[in-house]
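What follows is the residue order along each chain.
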Amino acid sequence: VQVKPLMDAKTRDSIVNSIKSFYKDKVAPALHGEGSNFTQYVADFAIDTNGKCWVIELNPFQESTDGAMFSWSREKDLLTKEP
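Please read these numbers as outputs of a predicted model, since none were measured by experiment.

Novice: What is the right way to read a nonpolar patch on the surface from this model?
Specialist: A surface patch of nonpolar side chains, amounting to about 220 Å² of accessible area, comprises F38, V55 and L58. Its place among the elements puts L58 in strand 2 (residues 53–60).

Okay, structure coming up:
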């Protein structure tokens, strides 16, 4: 999860926790349900001024996906290592 670096820690932690909860409760069940073939993907999230989370974009996690904030050639090891 990437958030603004100048944000205070409490706000940043709140945003991270909101996105993680949204992913766990709403997004993951939809992507990993019966008959789904989603295994690896990249998701962009947003939180509106009311605190509601949204999926902005969902793409396959593969080199053909254009990485706006990273480079496959420079950061492939970082992007593909296990958490």
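Novice: How do you make sense of the packing of aromatic side chains when you look at a structure like this?
Specialist: Two aromatic rings are characterised by how far apart their centres lie and by the angle between their planes. Inspection of every chain in the model, using the stated rule, returns one aromatic pair. Judged by centre distance (6.0 Å) and plane angle (85°), the ring pair of F22 and F45 falls under edge-to-face. On the criterion of sequence distance, the pair formed by F22 in helix 1 (residues 9–31) and F45 in strand 1 (residues 41–47) is long-range, its members being 23 residues apart. The class for F22 is buried, based on a relative accessible area of 18%. Looking at F45, the relative accessible area reads 25%, which means it is partly exposed.

Novice: Looking at this structure, I do not really get the confidence of the model for the protein. What am I missing?
Specialist: Any residue range with low pLDDT should be treated as having predicted coordinates unsuitable for detailed reading. When the pLDDT values of the protein are averaged, the result is 80; 78% of them are 70 or greater. Per-element confidence in the protein is highest for helix 1, whose mean pLDDT is 91, and lowest for helix 2 (residues 72–80), whose mean pLDDT is 71.

Parameters and conventions
- Residues numbered from 1 in each chain as written.
- Predicted model: local features only at pLDDT ≥ 70, side-chain atom pairs only at ≥ 80, totals over all residues.
- Heavy atoms only, no water.
- Patch = residues over 30% accessible without salt bridge, like charges linked within 9 Å, V, L, I, M, F, W, Y side chains within 5 Å.
- Areas by Shrake-Rupley, 256 points an atom, 1.4 Å probe, with all protein chains shown as cover.
- Salt bridge = Lys/Arg side-chain N within 4 Å of Asp/Glu carboxyl O.
- Helix = DSSP H or I, 4+ residues; strand = E, 2+ residues; numbered from the N terminus.
- Phe/Tyr/Trp six-rings, centres within 6.5 Å; stacked < 30°, edge-to-face > 60°.
- Buried < 20%, exposed > 50% of the residue type's maximum accessible area, 1.4 Å probe, protein only.
- pLDDT = per-residue confidence, 0-100.

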